[in-house]
Amino acid sequence: MNDSLVKKIQTIAKQFLPSAAELLEIADQFQKEMTKGLAGGGYLKMLRSFLPIPTGQEKGSYITIDFGGTNIRIQVVELLGVGKTRLKKKLLFPLKNPTANYDYTSPTATAEELFDFIAAQIGKLVETNQSYPLGHTFSFPCRQLSVNRANLLSWTKEIKTAGMEGQEITALLEAALQRANLHQVIPVAIINDTTGTLLTASYRNPRATIGSICGTGHNTCYLEPQEPTTDKPMIINMESGNFNKFFLSPYDKLLDQSSEKPGQQALEKAVAGHYLGEIARLLLFDLWQQGLLFANFGKQVFHQPYSLKTRDLASFLEDNTPQLAVIRSWLQKNCCIPEPTLEECSALKTIARLVTTRSARLITATYAGVLQHIDPELSHPHVIAVDGSLFEKMPLYQTTMQQALADIFQEKARHISLVLVKDGSGTGAAIAAAVCQK
Ligand code: GLC
């Protein structure tokens, strides 16, 4: 690589690779924010779920909605007790589909249109002569009034459907079910996807104390041993995507300025799948503007916001060919660069590594903050249950998190396991419904 490019990448690496000492500092700050949030202040919303963890003995058949932002999934899930579950039916459909000419996430769509659409899909799965208790995973910040009542505080993840912020979500769903004549479907619980992930993990293993999503969005919940208003154990949805006590690079600030909600969700914008491709694009655009990469190519290279996807970063990281052939053909196809140099391909891979490594390290520091809060001596084993495409599919992501845990806790890190919990959102909603029906 030429000297100026090497220097520039080194500067970026300093900003994107928090040291062990910086991780410890972030964990401390996170823990302080948790304490503030439990007392009603600070940046972490610390939202009550009104749910403890399950016993694993819960049984029954439940219909679930998983509403996370991109797709809606309707499932019929059976809880068999003894920590086992069975998926009986499943329907998946996108919330926006240009070919079918709809987009329920846009500001021109209303809450009623969105929920009528969901009710219509539910109608495809249910029989008329049977009653269905329903668990709803609604993965946005909600102030819960009870286990079945939740007001949407604000949209995140760039969703913009009109007339929903401030509304009570179960009431909107109930009204749509009535309009669709689905009187046999009865909503009984509404939860966050992090809560769903923790419920699913703890249904199988009581050591699970933290549930987290590392996917399109990012957030974490945990089992608070003494929830202040009840003095009892309760799962708390921290909405940790709004944490902001860490170094923000100039690229994060640029991304924030042109986002739907500037000034909010700083951590989520730095670590989540919806944004990682865009951060990498901003970095590459900067390198191009400074004449360090793709010098012979015009503005079309990396100028279009959100044109670089997080899944592209994954494919760059998977390219272990000596000449980086995958990245090379990606550049040829997507950026019309006939002969990318090896140096340019390798810069793409390095940027992908920096952006994804920072994501994994920052998130791990927040887990450390939670562990310091619930078990300061780390005297018990802990399972951190994680769902989401980054954790599941991004090359080296889990290893990087494990390394970050070792940086923070040294040998005590062996008490902590990170486990993938697939479909916590669907199964968790059924468990929530069962727990609150008991
Ligand atoms: C966003 C939402 C949060 C959700 C997370 C993961 O951060 O605000 O509620 O848990 O995305 O889907």
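Computed from a predicted model, the values in this text were never measured in an experiment.

**Student:** Outline the sheet that holds strand β3 (residues 71-81), listing residues and values.
**Tutor:** In spatial order, the strands read β4-β3-β2-β7-β10; together these 5 strands make up an open sheet with mixed pairing. Of all strands in the sheet, those with a lone pairing partner are β4 (84-94) and β10 (185-191), marking the two edges. Each neighbouring strand pair of the sheet contributes to a mean axis angle of 25 degrees, computed without reference to strand direction. Sheet topology note: the strand β2 (residues 59-67)/strand β7 (residues 132-138) ladder contains 5 bridges and is parallel. Looking at β7, one finds that I65 is bridged to H136. Against the sheet, helix α4 (residues 169-179) touches β2, β7 and β10, its axis set at about 160 degrees to β10. Along the sheet face, helix α5 (residues 193-204) touches β3, β4, β7 and β10 and points at about 95 degrees away from the line of β10.

**Student:** Before we move on, can you summarise the site of the ligand with the specific residues and values?
**Tutor:** Taken together, 15 residues lie around the ligand, and K157, N192, D193, E239 and E268 are the ones closest in. One nitrogen or oxygen atom from the side chain of N192 is found 2.8 Å from an oxygen atom belonging to the ligand. Between the ligand and E268, the relevant distance is 2.4 Å, taken from an oxygen atom to a side-chain nitrogen or oxygen of the residue. With the chains in place, 98% of the 310 Å² that the ligand exposes on its own is no longer accessible. Among the residues forming the shell around the ligand, the class breakdown is 3 nonpolar, 8 polar and 4 charged.

**Student:** Which residues make up helix α8 (residues 273-289), and what values go with them?
**Tutor:** Taking 1.5 Å of rise per residue, 17 residues should cover 24 Å, and α8 covers 25 Å from first to last C-alpha, within 8% of that figure. Counted residue by residue, α8 has 15 buried out of 17 residues, so it is predominantly covered. One or two steps after α8, the chain reaches G291, where phi turns positive at roughly 75 degrees.

**Student:** Requested: an account of the pairing of strand β12 (residues 218-224), with residues and values cited.
**Tutor:** Of all 7 residues in β12, 7 are buried; the element is thus mostly enclosed. Pairing geometry for strand β11 (residues 208-214) and β12, over 5 bridges, is antiparallel. Looking across to β12, one finds that I213 is bridged to N219. The turn linking β11 back onto β12 is made up of 3 residues.

**Student:** Help me get a handle on the environment of A404, residues and values and all.
**Tutor:** Within the element layout of this structure, A404 appears in helix α13 (residues 397-409). Sequence separation of A404 and P18 is 386 residues, and the distance between their C-alpha atoms is 9.7 Å.

**Student:** Residue-level account of helix α9 (residues 310-318), with values.
**Tutor:** What sets the pattern is the α-helix's 3.6 residues per turn: residues three or four places apart point alike. Taken together, the buried positions of α9 are T310, D312, L313, A314, F316 and L317. If you follow the buried residues of α9, they end up packed against α8, α10 (325-335), α11 (342-374) and α12 (389-393).

**Student:** With reference to specific residues and values, describe the nonpolar core.
**Tutor:** In this structure, F302 and L331 are the most contacted members of the largest nonpolar core, which totals 83 residues. With 16 residues, α11 is the single largest residue contributor to this core. The contacts of F302, once residues within four sequence positions are left out, are R281, L284, F285, F294, L308, W330, L331, C335 and L348. I63, F67, Y132 and A176 belong to the second-largest nonpolar core, a separate cluster that totals 38 residues.

Rules and cut-offs
- Residues numbered from 1 in each chain as written.
- Predicted model: local features only at pLDDT ≥ 70, side-chain atom pairs only at ≥ 80, totals over all residues.
- Heavy atoms only, no water.
- Pairing = 2+ DSSP bridges.
- Helix = DSSP H or I, 4+ residues; strand = E, 2+ residues; numbered from the N terminus.
- Axes fitted to C-alpha atoms, helices over the stretch in contact; angles between N-to-C directions.
- Contact = heavy atoms within 4.5 Å.
- Near = heavy atom within 4 Å.
- Polar contact = N/O pair within 3.5 Å; in protein donor to acceptor, adjacent residues only side chain to side chain.
- Areas by Shrake-Rupley, 256 points an atom, 1.4 Å probe, with all protein chains shown as cover.
- Nonpolar A, V, L, I, M, F, W, Y, C, P; charged D, E, K, R; others polar.
- Expected span 1.5 Å × (residues − 1).
- Buried < 20%, exposed > 50% of the residue type's maximum accessible area, 1.4 Å probe, protein only.
- Core = buried A, V, L, I, M, F, W, Y, C linked by side-chain atoms within 4.5 Å.

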